[in-house]
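Listed below are the residues making up each chain.
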Amino acid sequence: MAYLGGPDDWPELADVPRMARRLIRRAVLAACADDAPVQRVLRAHLGPDVASLPVVLTSWPGYDHVNVQAGFDAWLAGWRREHKVVGLTGVSHEKFGLADLLQPAAEHMWPGAGSVTITALPCGPGGQTMACVRCGLYLVDDGDTRLALLLRGPGEHDPDGSVTLEVACADQAAAQRAVDEVRRHAVARSVFRGQVISFGDELSGHGRRSDGVLRFHDRPRVGRDMVVLPPAVLDGIERHVIGVARHAGRLLASGQHLKRGVLLHGSPGTGKTHTVRYLLGQLDGVTVVLLSGRALRWIGAACSVARALAPSVVVIEDVDLNAEDRGERRPRAGQHPLLLALLNEMDGVGTDLDVTFLLTTNRPDLLEPALAARPGRVDHAAELPLPDAEARRRLLELYRGSLVLDLSDPDEVITRTEGVTAAFLKELLRRAALLAAGAGAAQDGNGGVPIRVTDAQLTEALDQLLDAREQLTRTLLGGRGTAGQDAVIRPMGADAVIRRSEALILQPRRKPSKA
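Residues numbered from 1 in each chain as written. Predicted model: local features only at pLDDT ≥ 70, side-chain atom pairs only at ≥ 80, totals over all residues. Heavy atoms only, no water.

What to know about the nonpolar core
- Core analysis: the largest hydrophobic core is formed by 39 residues, its most contacted members being F192, F199, L291, I316 and L342.
- Considering each element in turn, this core owes the most residues, six residues, to helix α9 (residues 299–308).
- If near-sequence neighbours (up to four positions away) are discounted, L342 is found in contact with I299, I316, V319, F357 and L359. (Core = buried A, V, L, I, M, F, W, Y, C linked by side-chain atoms within 4.5 Å. Buried < 20%, exposed > 50% of the residue type's maximum accessible area, 1.4 Å probe, protein only. Helix = DSSP H or I, 4+ residues; strand = E, 2+ residues; numbered from the N terminus. Contact = heavy atoms within 4.5 Å.)

Below you can see the structure in the form of structure tokens.
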């Protein structure tokens, strides 16, 4: 006979309603556990003992969602493999996993079965997208093995979240094989492979990214004849970037490493970005990851993509400026956190991988201490010089487009522009074209007739740019005028450009003297 306790242990009359409510709640929960559609389909698919099944979990960064979907779809399409998918409703903000769904329904979480939520994610340039499941429960028959898989992408309110895949199966080894196969398919079918992509932190008005952290770009097409550099400089850059890629197999067979770092440095406006665009256009089929600005915090992700999808190129523009936190005291040379992180990531890439790190900077002196402390990270440093007379002649021909240059003495402008950058020459031609268009507007109207530029108009445009009042413009074009001269423009480093610009903008006006 069970011991019921003494009179002191018996419930009081006031406790009876509370105990009755508890019994009713337990009865309701038990009924709900029997009626919960998700639990019901899981029991029907995996058997009555679903609550005790092992669950294998794996995850990817949120930006890999589209690749996980491609790999998962490929796995589902495997031989003798059949599946159906169940959408989950009422759980958009819930923290739960497949192990929770295998348990009897709790009072606070009764997910319903419904339609599958799909999101369109970029998968290529030109606005291409792929339908990706945000949250779906897959019931899979793999021959004699039954599995349940829960695929979840980053939530609508958590774009930086992870992509997770959980697999439940009576055979834990089978669940692990499924996870491993999906991971292999995701790499093999990565939509990033052979594309030009960039990580970015564009924000919407609510402080969230409006279209994700990753974008696809058309591969730039710049002909070699459009790159105006000294032949020896361009040949050296091509040899280290393009040459290694073309001869990768023979180099490996000869015991030579493929990973390399190339640093392009020079004054602002000398064509570093233009040269990078030319190189990328020559590397068809090579995966390219671009980083600049605030997106440099994604250096780890960029290097992870580069390692997985080699041959690849990681482009980091203006590494000296973006490595600094402008809100803090300037770090010592070579101590930039981003630069140190980059060097660590470069260390993590195997020497036998065909991965190129292509860096640009206006201030190599800030990078040299850190690079010298870790020799071998940058194999080739190329200085892009200011254009000499022959280069300036080629640049004027390149930038004139359809302009008709009606010049009696072309050498005069070449002589007067000694020391300018390519950006300066490009702006010079545009200003001359504007002057000519204004002078001929009455005769030519606004039709498609090419503009004819005369000596006088080109000289006037050059005089404007060399005028003392245009000192800030010259600074922003990569140089500065020498006091009292109208010809030589000396290059300035990036920090000097910024300091000079700020000084010109913030310089107080001189008060007029009293009579």
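Some words on the pairing of strand β12 (residues 312–316)
- The element β12 is largely enclosed, with a buried count of five among its five residues.
- The side-chain alternation of β12 yields two buried faces, one formed by S312, V314 and I316 and the other by V313 and V315.
- Two strands pair when backbone bridges link them, and strand β11 (residues 287–291) and β12 are joined in this way by five bridges, in the parallel orientation. Within β12, the residue paired with V288 across the bridge is V313.
- Strand direction decides the pairing type here: β12 and strand β13 (residues 355–361), joined by five bridges, are parallel. Paired with V315 across the two strands is L358, which belongs to β13. (Pairing = 2+ DSSP bridges.)

Here we look at unusual backbone geometry
- Here the amide bond leading from A310 into P311 is cis, since omega sits at 10°, within 30 degrees of zero.
- Structurally, P311 can be placed in the loop between α9 and β12.
- Positive phi outside glycine occurs at R80, with the angle close to 65°.
- By the element assignment, R80 lies in the loop between α3 (65–76) and β2 (81–89).

Quick notes on the pattern of salt bridges
- Under the defined criterion, the tally for this structure stands at 17 salt bridges.
- Across the salt bridge formed by D347 and R377, the nearest N and O atoms sit 2.2 Å from each other. With a gap of 30 residues between them, D347 in helix α11 (residues 337–347) and R377 in the loop between α12 (364–373) and β14 (380–383) connect regions that are remote in the sequence.
- According to the relative accessible area criterion, D347 is partly exposed, its value standing at 34%.
- Of the residues examined, R377 reaches a relative accessible area of 22% and is grouped as partly exposed. (Salt bridge = Lys/Arg side-chain N within 4 Å of Asp/Glu carboxyl O.)

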